[in-house]
Amino acid sequence: MKSIDLNADLGEGFGDYAMADDASLMALITSANIACGFHAGDFTTMARTVALAAQHGVRIGAHIGYPDRQGFGRRHIAYTPDEIARMSLYQLGALDAFARQAGLRLSHANFHGALGNLCFADEAIARAALSAFKDFDPDLKFVIPPHTAAHRAAQALGIDVVASFLADRAYTPEGLLVGRGTPGAVIHDPDAICRRVRRVLLEGEVAAIDGTVLKMPADSILVHGDTAGALEITRKIRQTVEDAGFEPRGFGPDRRG
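As the structure is a prediction and not an experimental result, all values here were calculated from the model.

Each value, and the rule that gives it
- Residues numbered from 1 in each chain as written.
- Predicted model: local features only at pLDDT ≥ 70, side-chain atom pairs only at ≥ 80, totals over all residues.
- Heavy atoms only, no water.
- Helix = DSSP H or I, 4+ residues; strand = E, 2+ residues; numbered from the N terminus.
- Rg over C-alpha atoms; globule rule 2.2 N^0.38 Å.
- Buried < 20%, exposed > 50% of the residue type's maximum accessible area, 1.4 Å probe, protein only.
- Contact = heavy atoms within 4.5 Å.
- Areas by Shrake-Rupley, 256 points an atom, 1.4 Å probe, with all protein chains shown as cover.
- Lys, Arg positive; Asp, Glu negative; His and termini not counted.
- Charge placed at Lys NZ, Arg CZ, Asp CG, Glu CD.
- Salt bridge = Lys/Arg side-chain N within 4 Å of Asp/Glu carboxyl O.
- Pairing = 2+ DSSP bridges.
- Axes fitted to C-alpha atoms, helices over the stretch in contact; angles between N-to-C directions.
- Left-handed = near helix turned anticlockwise from the far one by under 90°.
- Expected span 1.5 Å × (residues − 1).
- Right-handed = clockwise from strand over helix to strand, strands pointing away.
- Polar contact = N/O pair within 3.5 Å; in protein donor to acceptor, adjacent residues only side chain to side chain.

### Remarks on the overall build of the chain
Consideration 1: Regarding its fold elements, the chain presents eight helices and 10 strands.
Consideration 2: Computed over its C-alpha atoms, the radius of gyration of the chain comes to 17 Å, within 12% of the 18 Å expected for a compact globule of 257 residues.
Consideration 3: Dimensions of the chain along its principal axes, counting C-alpha atoms only, are 40 × 40 × 35 Å.
Consideration 4: Here the chain holds 257 residues, and 55% of them are scored as buried.
Consideration 5: A separation threshold of at least 6 residues defines the contact pool for the chain, and within that pool the share at least 24 residues apart is 73%.
Consideration 6: Surface summary for the chain: the accessible area is close to 10,600 Å², and the carbon and sulfur share equals 50%.
Consideration 7: With 26 positive and 31 negative side-chain charges, the chain shows a spacing of 2 Å between the two charge centroids.

This is the structure we're talking about:
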């Protein structure tokens, strides 16, 4: 049976505040991108989310963003490439500490919000950020949409790439994400999202926001935990995946040798 990873952005609360129903989502996914205390999360939230992943056998990865809790990491901050590399390494190390405590290891990492959008478009910045991945663990996988500068940079650096399809986000004809301020950038209808997922799985393509047919290879399907109705959407996506003849299965190592 063919397999596909199902991943979600989790651990994005802070203190007593919860962004999403992480416990329920964790039971439906195979990989979790965990906030590392910069755009969201804190030491207690990180530890709790890692423990949930261990309980459900879910692979864990670092979800790296700008230090911008108030703006949820969606505002650009003008850091130098070296600073971006260091902040990426810092967040990898923070999550790795909790992974070690739980007997787990990081399988992957990806970028959040404005930092991700910058790396999608600027190959030099992406190379700087990705240098931290190689310094931290040369076997760490990079979860990234295809058609991006970051995807090209990872390939040039010899980093193992996992092609990610963002199920609830619209794409430009060039294969980049439509800015969140644009009408239709975030898709909320679960049935529409599932039709897109099925098309990607069976035909390897998706319609861009202008109707252009875009080739879309995918090793992993992403759902944003902060999207309204994320739990219902994730349940329906998992059912769509199974109905299409795919087994939901994580990638990479989960436990330390």
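### Comments concerning the pattern of salt bridges
Consideration 1: Taken as a whole, this structure holds 12 salt bridges when the rule is applied.
Consideration 2: A salt bridge links aspartate 68 to arginine 75, with the nearest nitrogen and oxygen atoms 2.5 Å apart.
Consideration 3: In this structure aspartate 68 comes out as buried when scored by relative accessible area, which is 6%.
Consideration 4: With a closest N to O distance of 3.6 Å, glutamate 123 and arginine 152 form a salt bridge. Taken together, the residues span a long stretch of sequence, with glutamate 123 in helix 5 (residues 123-136) and arginine 152 in helix 6 (residues 149-157) at a distance of 29 residues.
Consideration 5: Relative accessible area serves as the criterion here: at 44%, arginine 152 is assigned to the partly exposed category.
Consideration 6: Each member of the salt-bridge network shares a partner with another, and the members are Arg199, Glu203, Glu205 and Lys215.

### A closer look at helix 6
Consideration 1: Listed in full, the buried residues belonging to helix 6 are Ala149, Ala150, His151, Ala153 and Ala154.
Consideration 2: On its buried face, helix 6 sits against helix 4 (113-121), helix 5, strand 5 (141-144) and strand 6 (161-166).
Consideration 3: At the exit of helix 6 stands glycine 158, carrying a positive phi of roughly 75 degrees.

### So, the side chain of threonine 49
Consideration 1: For threonine 49, the position within the fold is in helix 2 (residues 43-56).
Consideration 2: When neighbours within four sequence positions are excluded, threonine 49 is seen to be in contact with Leu10, Gly11, Asp22, Met26 and Ile34.

### Comments concerning the pairing of strand 1 (residues 2-10)
Consideration 1: The element strand 1 is largely enclosed, with a buried count of seven among its nine residues.
Consideration 2: Strand direction decides the pairing type here: strand 1 and strand 10 (residues 246-248), joined by three bridges, are parallel. Along strand 10, the bridge assignment pairs isoleucine 4 with proline 248.
Consideration 3: As paired strands, strand 1 and strand 9 (residues 220-224) are joined by five bridges and run parallel to one another. Following the sheet pairing, aspartate 5 is matched in strand 9 by serine 220.
Consideration 4: In the sheet, strand 1 pairs with strand 2 (residues 31-35) via four bridges, with the strands oriented parallel. In the sheet register, leucine 10 faces strand 2, and the bridge partner there is isoleucine 34.

### Side note on the packing of helix 7 (residues 190-203) against helix 8 (residues 230-243)
Relative placement of two packed helices is described by the angle separating their axes and the distance separating the axes.
Consideration 1: As a packed pair, helix 7 and helix 8 sit with axes 9 Å apart at the nearest point and diverge in direction by 30 degrees. Note on packing geometry: the crossing formed by helix 7 with helix 8 is right-handed. Listed contacts from helix 8 to Pro190, Asp191, Ile193, Cys194, Val197, Arg198 and Leu201 of helix 7 are Glu232, Ile233, Lys236, Ile237, Thr240, Val241 and Asp243.

### Comments concerning the environment of alanine 156
Consideration 1: Mapping alanine 156 onto the fold places it in helix 6.
Consideration 2: Expressed as a C-alpha distance, the spacing of alanine 156 and leucine 214, which sit 58 residues apart in the sequence, is 23 Å.

### Some remarks on helix 3 (residues 81-101)
Consideration 1: Spanning 21 residues, helix 3 covers 31 Å between terminal C-alpha atoms, matching the ideal 30 Å at 1.5 Å per step.
Consideration 2: Taken residue by residue, helix 3 has Ile84, Ala85, Met87, Ser88, Gln91, Leu92, Leu95, Asp96, Phe98 and Ala99 as its buried positions.
Consideration 3: In the stretch just after helix 3, glycine 103 is the one whose phi turns positive, near 75 degrees.

### Focus: the pairing of strand 3 (residues 59-64)
Consideration 1: Of all six residues that make up strand 3, six are buried, and the element is covered over most of its length.
Consideration 2: Across the two faces of strand 3 the burial is the same, with Arg59, Gly61 and His63 and Ile60, Ala62 and Ile64 all buried.
Consideration 3: By the bridge criterion, five bridges tie strand 3 to strand 4 (residues 106-111) in an arrangement that is parallel. Looking at the pairing, isoleucine 60 lines up with leucine 106 of strand 4.
Consideration 4: For the crossover from strand 3 across helix 3 to strand 4, the handedness is right-handed.

### Here's the deal with the side chain of histidine 112
Consideration 1: Tracing the chain through its elements places histidine 112 in the loop between strand 4 and helix 4.
Consideration 2: Using a relative accessible area of 4% as the deciding quantity, one classes histidine 112 as buried.
Consideration 3: At a separation of 3.3 Å, a polar atom in the side chain of histidine 112 contacts the side chain of histidine 63.
Consideration 4: Discounting chain neighbours no more than four positions away, the residues touching histidine 112 are Glu12, His39, His63, Ile64, Gly65, Phe72, Gly73 and Arg74.

Take it as geometry only, folks, not as evidence of what the structure does.
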